[in-house]
Amino acid sequence: MTAADGRLDTPDGPVADPVAGTGAPVESAAVESAAVEPAAVESAPATPAAGGVEPAPKAVEPTPSGVESATSGGRAERVRPATSAGAPAHRGAASKPFNDITHRVLKPPVRQVLNHLVMNVVHEGWENVPHGEPLIFAGNHSSWMDGPLVVIEAPRTVRCLVKSEMYKGILGRLLLFVGQIPINRGRPDRDALHTALDELSRGGAIGVFPEGTRGSGEMAAVQHGIAYLAVHGRCRVLPVACINTGAALPRGAKWPRRSVKVRVVFGKPFEVEVPANPRSRRALAAVAEDIRVRLADHLATVRAGESRDSSAAE
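Predicted model only: the values in this text are computed from it and were never measured.

Trainee: I'm lost on the pairing of strand E9 (residues 236-243) in this one. Help?
Mentor: Judged by how many residues are buried, E9 sits mostly within the fold: eight of eight residues are covered. One ladder, built from five bridges, connects strand E5 (residues 135-139) with E9; its direction is parallel. Among the inter-strand pairings, Phe137 is bridged to a residue of E9, identified as Leu238. When E9 meets strand E10 (residues 261-266), the two strands line up antiparallel, connected through four bridges. Residue pairing for E10: Ile243 is matched across the bridge by Arg263.

Trainee: How should unusual backbone geometry be read in this particular structure?
Mentor: Peptide bonds are, in most cases, trans, and in most cases residues other than glycine have a negative phi. We note that Arg234 has phi near 55 degrees; this positive angle belongs to a residue other than glycine. On the basis of relative accessibility, which here comes to 8%, the residue Arg234 falls in the buried class. Its identity as a non-glycine residue notwithstanding, Asn244 has a phi of 70 degrees, on the positive side. Relative to the helices and strands, Asn244 resides in the loop between E9 and helix H6 (245-248).

Trainee: Could you clarify how one ought to interpret the packing of helix H1 (residues 101-118) against helix H2 (residues 146-153) in this entry?
Mentor: A pair of packed helices can be characterised by two numbers: the angle between their axes and the separation between those axes. Put simply, H1 and H2 touch, their axes get as near as 9 Å, and they point 120 degrees apart. Taken together, H1 and H2 sit at an angle that is classed as oblique. Taken together, the residues of H2 that come into contact with H1 (itself represented by His103, Lys107, Val110, Arg111, Leu114 and Asn115) are Leu149, Val151, Ile152 and Glu153. Of the residues that constitute the contact of H1 with H2, the class distribution is five nonpolar, two polar and three charged.

Trainee: Please clarify how the sheet that holds strand E4 (residues 120-124) should be interpreted in this entry.
Mentor: With respect to topology, seven strands assemble into an open sheet ordered E4-E10-E9-E5-E8-E6-E7, the strand pairing being mixed. If you trace the sheet from one side to the other, it starts and ends with E4 and strand E7 (181-183), each paired once. When the angles between neighbouring strand axes are averaged without regard to direction, this sheet yields 25 degrees. Alignment of E5 against strand E8 (residues 205-208), held across four bridges, turns out to be parallel. Bridge pairing in E8 links Ala138 to Val208. Sheet contacts for H2: E4, E5, strand E6 (159-163), E9 and E10; angle to E10, the most-contacted strand, approximately 60 degrees.

Cut-off values and rules
- Numbers given for residues are sequential positions, taken from 1 along each chain in its written order.
- Whole-chain, interface and lining totals are the exception, using all residues; otherwise, since this is a predicted model, local features are given only for residues with pLDDT of at least 70 and side-chain atom pairs are given and counted only at 80 or more.
- As a rule here, side-chain values come from all non-hydrogen atoms in the structure, and water together with hydrogens is ignored.
- Working definition: with a 1.4 Å probe on protein chains only, accessible area under 20% of the residue-type maximum means buried, over 50% means exposed, and in between means partly exposed.
- Numbering of helices and strands runs from the N terminus; a helix is a DSSP stretch of H or I covering at least four residues, while a strand is a stretch of E covering at least two.
- Whether two strands pair depends on DSSP finding at least two bridges between them.
- With axes taken as lines fitted to C-alpha atoms, and helix axes fitted only over the stretch in contact, angles between N-to-C directions fall between 0 and 180 degrees.
- Orientation is classified from the angle alone, with under 35 degrees giving roughly parallel, over 145 giving roughly antiparallel, 65 to 115 giving roughly perpendicular, and any other angle giving oblique.
- Contacts between residues were defined by any pair of non-hydrogen atoms, one from each residue, lying within 4.5 Å.
- Residue polarity follows a fixed list, in which Ala, Val, Leu, Ile, Met, Phe, Trp, Tyr, Cys and Pro are nonpolar, Asp, Glu, Lys and Arg are charged, and the others, Gly among them, are polar.

Pasting the structure below:
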C-alpha cells in the first residue's frame, strides 16, 4: 500500500504538503493505501482591538468525548482513545457505516490458505491489538504485499485508504466489498478524509503506510498525514513491522516465494500529543516525527530479535 502523493481537501480547505514524498506507480494489481495530507492553516496572532482592549478569545471547537484538548497555556495533551459513541472530529455529513461481516467471516479461512499454502507467513503480537477503540495501523513499506498482509493478518477489521486507480474491474469491486476507502490523488478529496475520520469516530481501525511509497521500508521519513489522522481522529497508533515482504515477492516476480518466511509483527499502541494548535503545519510535523521515531524503534526491535534468533539457530 502506498501513500498518495497528491493533495487532500481537509475540513479547512485544500492543502498540499511540499515535503511529502512522491508515490511511485504500481505495476501490480495490489491494494495501495494513501496517506492524507494535513491541513496547513496556521493561526494568525491576535491583535489588540481599538482602545487597547483585547478581543475575546475564539470559541474552542468541541472534541470527541473522552479526549483532552490543548490548554489555553499552549501545552500539548496526550490523546485519550475516543469511544465509538464520540462525535466525528470533522464537519460534514457522516459516511455510511461499513458492515464488517465480510472480514469476520472470510478472513480466518483466507488467512489459513495464504499463510500455509500460498506463502510462509506468521503473525505476531495479536495480544497488543486492542478492540473496540479507534486505532491507526501504521507499517513500514517495502512491497505491495504489505497492505494486504496487514489487513489479512490483523485480528480486527482494518480499512485502508486505497488510491482510486485501483478501483477498476474485479479488483475494484473486491476492494469496495471489503470496505477499503478510495482516495483520489492529485486533487482534493474531502470524502476520503471524512470517511477515515468517521471510521475512527465509530471506534474502527484505519491502515496507513506513512513512508508514502514503496522503498527500503526503514522508516527514514514519514508524511504528515498520519499525524493529522491521529490528532483529529483522537486515536492511538499501532506500529506494524512487515519483515521480508520484499524478498518474498521481488519486483517483477509474478508469484511469491514460499521459501521466504514473512513476519507481520504488531507492536504496542502508543498515544500522540494534541498540539495547542492542531491545524499548524509545524505542530503536525513534530507529531509526525514523533510517530516516525516510534515506528522505527519498533522495526529495529523486531529485526534485532530476528538477528538474535538466527544467530542462536546457527
